[in-house]
Amino acid sequence: MGGREVGGLAQLLPGYRSVANPDHRAEVERHWGFQPGAIRPRPGLTVWEQIEAMERGELDLWWVAATNPLVSLPWLDRVRAAVARCPFVVLSEAYAGTETAAVAHLVLPAAQWSEKAGTMTNSERRVTLCPAFREPPGQARADWAVFAELGRRLGFTEQFAWNSAAEVHAEFVALTRGRLCDMAGLSHALLAEHGPQQWPFPEGTAPGGGAARLYEDHQFPTATGRARLIAEAPLGLAEPPDDAYPLVLTVGRYLAHWHTLTRTAHVERARKQHPGPVLEVHPSDAEPLGLTDGAIALVSSRRGSVRVPVRLSAAIRPGVVFLPMHWGASQPEACEANRLMHELGCPLSKQPELKAAAVRLE
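Now for a quick tour of the structure. Since the model is a prediction, treat every value here as computed from it, not as a measurement. (Residues numbered from 1 in each chain as written. Predicted model: local features only at pLDDT ≥ 70, side-chain atom pairs only at ≥ 80, totals over all residues. Heavy atoms only, no water.)

What about the pattern of salt bridges?
All chains considered together, the criterion is met by 20 salt bridges. The partner of E216 in a salt bridge is R213, with the nearest N and O atoms 3.7 Å apart. Judged by its relative accessible area of 60%, E216 falls in the exposed class. R303 is the partner of E239 in a salt bridge, and the nearest nitrogen-oxygen pair spans 2.9 Å. A residue pair is termed long-range when its members are at least 10 positions apart, and E239 in the loop between β8 (197–198) and β9 (247–252) and R303 in the loop between β11 (296–300) and β12 (305–312) qualify at 64 residues. Each of the two residues, E239 as well as R303, counts as buried. By sharing partners, the salt bridges in this structure join D77, R80, E336 and R339 into a single network. (Salt bridge = Lys/Arg side-chain N within 4 Å of Asp/Glu carboxyl O. Buried < 20%, exposed > 50% of the residue type's maximum accessible area, 1.4 Å probe, protein only. Helix = DSSP H or I, 4+ residues; strand = E, 2+ residues; numbered from the N terminus.)

See below:
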């Protein structure tokens, strides 16, 4: 939720504004004290477009924060080769030894959630203040402080004159005034005193007065007041199985690890629950290949191969196999599931499919 409200996508500006909309750009330019036309009308690059730009030698600096793309992106061999062409890779990271740190030229120590103040918005639009409960270690700093220092060094001293996370939040909520996600009445102080609040929360709203449900009056934020629904026919798999690659691989998460082991690799309880990756295969798919429970399978797609122990399971559909995505190249049990996945995705959202690729087992 929060990423869209603040404009954290390549085509967005804060307050659910679009980079392509000239009125939206003008509103943000005035708020930030920029000259008209300072914000480019062309959206930024999506993540995969960034990889393609590196391949062409067109991206000179890549700054990664709060993610580990050298595990989580599809077609990892292609990603590694592209990133190797980027002259300057910067990583803001709270944990040492990640796969992305291995390819970075500069690693900046980042404060994690427990070491910095900020707000979190959940999927029912409820905004919660998350205060820090300990100091960041060593030279680690909150992301806003790092970006503000960079902004000031680039000459934008007025725009980056913040001294606290509360000041950053105040600037953000002012940009939401009058928008669908109006939070102009929220502040760190109000959230600290009255607890989580739901937006919209315009100025003057009493604590607890945010809308519990939107659109109960059947009026929507469109020119006609009516909802606009999109009905698209399913396109099927971008890479369906065939004679050479007869199975569909889907990748996903184990609850105990969830992401790329940057944190949970250090938690004994999580490692015991899922000590390593396994390939789940239906017995009817394993039998013709001579694969037994615990055997090692070579899983191959058009992009690469991995070796992994097999677990026979009737809980998975015949014709489909499953791999977890957590075990990157830095792990002793390395099994880079996303080496096998293609980069094709939705033409509207630009989201890679990531959950289905044609594979064969040996």
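Topic: the pairing of β12
Note that strand β10 (residues 279–281) and β12 share 3 bridges and pair parallel. Residue V281 lies in a different strand from β12, and its bridge partner there is L312. Bridge count between β11 and β12: 5 bridges; the pairing is antiparallel. Across the sheet, residue L298 finds its bridge partner in β12, namely R307. (Pairing = 2+ DSSP bridges.)

Structural notes on unusual backbone geometry
It is generally the case that most residues other than glycine have a negative phi and that most peptide bonds are trans. Look at the link from W199 to P200: it is a cis peptide, with omega at 5°. As for its position among the elements, P200 is in the loop between β8 and β9. Of note in this structure, W258 is not a glycine but carries a positive phi near 70°. Of the residues examined, W258 reaches a relative accessible area of 45% and is grouped as partly exposed.

Examining helix α3 (residues 47–55)
Residues of α3 that are buried: W48, Q50, I51, A53 and M54. Each element contacted by the buried residues of α3 is listed here: β3 (61–65) and α5 (76–83). Following α3 by one or two positions, G57 adopts a phi angle in the positive range, close to 75°. (Contact = heavy atoms within 4.5 Å.)

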